[in-house]
Every structure is written in C-alpha cells, then in structure tokens.
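Next come the chains, spelled out residue by residue.
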Amino acid sequence: MKIEYLGHSSFKLTESTGTSVVCDPYGAEVGYEMPEVSADAVTISHHHYDHDASVKIKGKPVILDTECSYDLPGVDISAIKSFHDNVRGKARGENVIFKFRMDGIDVCHLGDLGEACSAELIDLILPVNVLLIPVGGNYTIDAEMAKEYVDRIMPDIVIPMHYRSKGCKIDIEKVDEFLDLFDKENVTESEESSLEVMRSDLGGDTRVIVLRRR
C-alpha cells in the first residue's frame with residue numbers, strides 16, 4: 001500500500017489494486033493549498049475547515065464522517081467515536097477515528113484527537129501497524145500525550161500530522177518536540193511525500209517517519 005502526505009492532517013491511502021481513500025482534506029485557510037487528488041472515499045474526522053474540504057477531492061467519492069463500517073474493493077474501513085478535547089466534547093465536540101485495513105496492513109488515522117489516553121479507547125483502536133497521529137497540541141493532544149498513545153498502541157510505523165510547518169497559519173507547535181521524545185536512530189525525516197508499506201516492512205522497534213508535505 002502507499003501512504004501519501006497531503007499536508008496538515010490529510011493523507012491519501014492507496015491499496016495495491018488502486019482503491020484509494022483521502023483523510024481530512026483541508027481548506028486554504030490552513031495557510032497553503034490542498035493538492036489536487038481524486039479518491040474512492042473521503043473520511044472526515046470532524047467538520048472544521050481544516051479537516052472537511054471534501055469538495056476539493058475529484059471523482060465521486062463516498063463521504064464518511066460518522067461511526068460506521070464500510071467496505072471498498074480491497075479496503076475495509078471502520079470508525080470509532082472519540083473526543084476533540086479532554087472534557088468529553090464540551091469544548092470542541094466529537095472526533096471520529098478511522099481505521100483502514102488494506103493489503104493486510106492496519107492503518108489508524110486519529111483525526112483531531114484531544115482526549116487523554118485510556119485503556120477503553122486503546123482497546124477499540126488496536127491492532128495498528130501504521131499510526132497517523134496529531135502532535136501539535138492546542139487543538140489536539142500534544143507531543144507528550146501523543147508519545148503516550150504511541151507507547152500504548154505500539155505500532156510499527158508512526159507518521160506525525162497536525163503540526164506547524166512552513167506556511168501554516170494555525171496556532172500549533174512544530175513536530176520537533178514530538179521527535180525529541182524518541183531515540184534518534186528510530187526517527188527518519190524523509191525528503192519524500194509518500195511511503196510504500198508492505199507486510200515485510202513491519203516488525204521491530206517503532207519507527208517514526210516524518211513525510212514531506214506534497
């Protein structure tokens with residue numbers, strides 16, 4: 001399968017036969033433009049401008065924005081309700097975590113998760129091979145809480161998202177604070193915007209891979 005980082009919290013996931021899903025497409029208010037892509041499905045973790053710009057995705061994708069189970073050719077999608085804050089949604093509402101199984105690999109996109117790590121939520125999320133996790137704080141979990149999620153979930157690969165990069169106008173932190181919590185030999189800052197993942201790539205220590213925005 002292929003994982004392509006489109007910026008902010010948006011990724012395009014493509015299964016080996018071509019079925020594709022875009023997660024959390026964003027509007028230009030983020031500070032930079034969403035790349036032009038097509039997809040068979042779009043998942044939306046919550047309806048804020050930096051996560052729900054589905055009109056930008058070409059084709060005729062199905063839109064998934066609630067708890068659900070949905071099957072595409074070669075791709076199983078499931079969704080888990082969570083909270084955008086640590087007061088059970090009273091500050092910023094709910095957040096939907098999406099899980100994808102494609103090519104025998106379990107990918108989890110945490111959306112704008114804001115709640116503290118709990119055994120109940122971890123049980124719902126597992127198993128995870130590739131974890132797409134917000135790390136910028138303020139509107140989501142911060143670097144330290146993200147590290148706690150990683151330690152509890154123990155994925156093979158972690159790809160950080162929702163952090164301040166060049167051009168970003170949102171008041172969130174850079175990725176550096178999160179990366180500093182890991183051994184340097186387990187962190188890769190890639191020059192590429194995409195990553196090919198196969199079952200044979202999995203196993204061993206958790207690896208953190210920072211993808212360059214497309």
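What comes next is a walk through the structure. Predicted model only: the values in this text are computed from it and were never measured.

## Remarks on the overall build of the chain
From N to C terminus, the chain includes 3 helices and 14 strands. In terms of overall dimensions, the chain is globule-like: its C-alpha atoms have a radius of gyration of 16 Å, near the 17 Å expected for 214 residues. Considered along the principal axes of its C-alpha atoms, the chain spans approximately 40 × 40 × 35 Å. Taking all 214 residues of the chain together, the buried fraction comes to 56%. Pairs at least 24 residues apart make up 55% of the contacts formed inside the chain by residues separated by at least 6 positions. For the chain, the distance from the average site of its 23 positive side-chain charges to the average site of its 39 negative ones is 4 Å.

## Remarks on the pattern of salt bridges
Tallied over the entire structure, the rule returns 6 salt bridges. Here D106 ties to R101 by a salt bridge, and the two come within 2.8 Å at their closest N and O atoms. D151 is the partner of K147 in a salt bridge, and the nearest nitrogen-oxygen pair spans 2.9 Å. Of the two residues, K147 and D151 are both situated in helix α2 (residues 143-153); the distance of 4 residues between them amounts to about one turn of the helix.

## Points about a negative patch on the surface
A cluster of acidic side chains, namely D142, E144, D171, E173, D176, E177, D180 and E189, defines a negative patch on the protein surface. As for its position among the elements, D176 is in helix α3 (residues 176-179).

## What to know about the pairing of strand β11 (residues 157-161)
The element β11 is extensively covered by neighbouring structure, given that 5 of its 5 residues are classed as buried. Judged by which residues are buried, β11 turns out to be covered on both faces: I157, I159 and M161 on one side and V158 and P160 on the other are all buried. Sheet topology places strand β10 (residues 130-134) next to β11; 5 bridges connect them, and they run parallel. Within β11, the residue paired with P134 across the bridge is M161. Handedness of the crossover joining β10 and β11 through α2 is recorded here as right-handed.

About the criteria used
Residues numbered from 1 in each chain as written. Predicted model: local features only at pLDDT ≥ 70, side-chain atom pairs only at ≥ 80, totals over all residues. Heavy atoms only, no water. Helix = DSSP H or I, 4+ residues; strand = E, 2+ residues; numbered from the N terminus. Rg over C-alpha atoms; globule rule 2.2 N^0.38 Å. Buried < 20%, exposed > 50% of the residue type's maximum accessible area, 1.4 Å probe, protein only. Contact = heavy atoms within 4.5 Å. Lys, Arg positive; Asp, Glu negative; His and termini not counted. Charge placed at Lys NZ, Arg CZ, Asp CG, Glu CD. Salt bridge = Lys/Arg side-chain N within 4 Å of Asp/Glu carboxyl O. Patch = residues over 30% accessible without salt bridge, like charges linked within 9 Å, V, L, I, M, F, W, Y side chains within 5 Å. Areas by Shrake-Rupley, 256 points an atom, 1.4 Å probe, with all protein chains shown as cover. Pairing = 2+ DSSP bridges. Right-handed = clockwise from strand over helix to strand, strands pointing away.

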